[in-house]
Amino acid sequence: MTVVLGLVVGALTVLLLRVGAAGMLRAPALQRPNYRGHLLPTSGGILIVIAVLVIEAARAILGAVGLGDEPGLTVERSEVLFAVFAFGLLGLVDDLLGDGRARGFKGHVRALFHGEITTGFLKLFGGAGVAVVLVATPGFATGRRLIIDAVLIALAANLGNLLDRAPGRTIKAAMIAYVPLAIVLGDGAVGIAIAPAMGAAFGLLPADLREELMLGDAGANVIGAVLGLGVVLGRGEATRTTALMLLVAANIAAEVVSFSTIIDRVPPLRWLDRLGQRPERRDQGSQSERA
């Protein structure tokens, strides 16, 4: 029940923030064309970051007056808070300053060899650095586990971004991944820690589907990173290694094939991908991808 409460609180908090931040999201600096060329607020996923901060601040206040199970931040909640802020910041930088010329890992590395550090490069390798810090906190792990777990978190964050090419796609994929993870984590410390962040992400699904905002890297990276962190903190070595292999395969596949093309060719995936989207999107399919 505690996890369910965390999901509900996360969703309600992000919905309230979205109403209050409507003016901020209309700022010219955030406007970007979507797949149909309509200007929408990008980085709408930054509301997930703010929601987690608000919830953790409220938890701390309640704990200080003797309410709740924990009087202060647990290690797990601290790591989730750090992850959403760090990956949210890196994503926001790419959303606002990136020009989209270099795409994919190869594109960013190629630009680096030409003497240019792209915002995408900062996001990818900055995310790897954040993942290392997360795994090494509060105590330094063995070298093998440090590498496996850090790469897992970084690749999960990147996959969230790679999936964000159609309205609602990243959040739907996150739901599919989160349900079995939530079941195995239960009401343990890790399950409770990641619940508000995931609830906030799910709370943005209607707005994402209605094309009222775009998650942007500031949201998609956070969603992927939180799921990856949940696996790292809450599961054993076998599960973490399996998850890492799947993430490596998915990230490599994204370099050579289009996820949108694959989804369009598989009827169940196409149906799920377009479920809840605006008619214009359903009619057009995935011939154009979001910015």
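Note: the structure precedes this text.
As the structure is a computational prediction, the values presented were derived from the model and not from experiment. (Residues numbered from 1 in each chain as written. Predicted model: local features only at pLDDT ≥ 70, side-chain atom pairs only at ≥ 80, totals over all residues. Heavy atoms only, no water.)

(A) Main features of the nonpolar core. Counting 70 residues, the largest nonpolar core has Phe87, Ile153, Tyr178, Met198, Leu204 and Ile223 as its most contacted members. Top contributing element to this core by residue count: helix α7 (residues 143-163), with 12 residues. When neighbours within four sequence positions are excluded, Tyr178 is seen to be in contact with Val3, Leu7, Ile194, Ala195, Met198, Phe202 and Leu227. (Core = buried A, V, L, I, M, F, W, Y, C linked by side-chain atoms within 4.5 Å. Buried < 20%, exposed > 50% of the residue type's maximum accessible area, 1.4 Å probe, protein only. Helix = DSSP H or I, 4+ residues; strand = E, 2+ residues; numbered from the N terminus. Contact = heavy atoms within 4.5 Å.)

(B) Quick peek at the packing of helix α3 (residues 46-64) against helix α11 (residues 216-234). Where α3 meets α11, the closest approach of the two axes is 7 Å, and the angle between their N-to-C directions is 55°. In terms of orientation, α3 and α11 fall into the oblique class. Touching Ile46, Ile48 and Val49 of α3 are Ala218, Gly219, Val222 and Ile223, all from α11. When grouped by side-chain class, the residues that make up the contact of α3 with α11 number six nonpolar, one polar and no charged. (Axes fitted to C-alpha atoms, helices over the stretch in contact; angles between N-to-C directions. Parallel < 35°, antiparallel > 145°, perpendicular 65-115°, else oblique. Nonpolar A, V, L, I, M, F, W, Y, C, P; charged D, E, K, R; others polar.)

(C) How the structure looks around the environment of Arg77. Looking at where Arg77 falls in the secondary structure, it is placed in helix α4 (residues 75-97). Within polar-contact distance, the side chain of Arg77 engages the side chain of Glu56 at 3.0 Å. (Polar contact = N/O pair within 3.5 Å; in protein donor to acceptor, adjacent residues only side chain to side chain.)

(D) Just unusual backbone geometry, in detail. At Ser43, a position not held by glycine, the phi torsion is positive, near 60°. Looking at the element boundaries, Ser43 is found in the loop between β2 (39-41) and α3. Phi is positive for Glu211, close to 60°, though the residue is something other than glycine. Note that Glu211 resides in the loop between α10 (205-209) and α11.

(E) Main features of a nonpolar patch on the surface. There is a patch of nonpolar side chains on the surface, built from Met1, Val4, Val8, Leu12 and Leu15 and spanning about 500 Å² of accessible area. Relative to the helices and strands, Leu12 is located in helix α1 (residues 2-20). (Patch = residues over 30% accessible without salt bridge, like charges linked within 9 Å, V, L, I, M, F, W, Y side chains within 5 Å. Areas by Shrake-Rupley, 256 points an atom, 1.4 Å probe, with all protein chains shown as cover. Salt bridge = Lys/Arg side-chain N within 4 Å of Asp/Glu carboxyl O.)

(F) α3, seen in detail. In this model, α3 (19 residues) spans 27 Å end to end at C-alpha, consistent with the 27 Å of a helix rising 1.5 Å per residue. Buried residues of α3: Ile46, Leu47, Ile48, Val49, Ala51, Val52, Ile55, Glu56 and Gly63, and no others. Gly66 sits one or two residues past α3 and shows a positive phi near 90°. (Expected span 1.5 Å × (residues − 1).)

(G) Up close: the pattern of salt bridges. Applying the stated criterion across every chain yields a total of eight salt bridges. A salt bridge links Arg59 to Glu56; its shortest N-O distance comes to 2.9 Å. In this pair, Arg59 and Glu56 are both assigned in helix α3, three residues apart and thus about one turn of the helix distant. One salt bridge connects Arg145 with Asp149, and the closest N-O pair in it is separated by 2.7 Å. Placement of the pair is Arg145 and Asp149 together in helix α7, with a separation of four residues, close to one helical turn. One salt-bridge network, held together by shared partners, links Arg18, Arg210 and Glu212.

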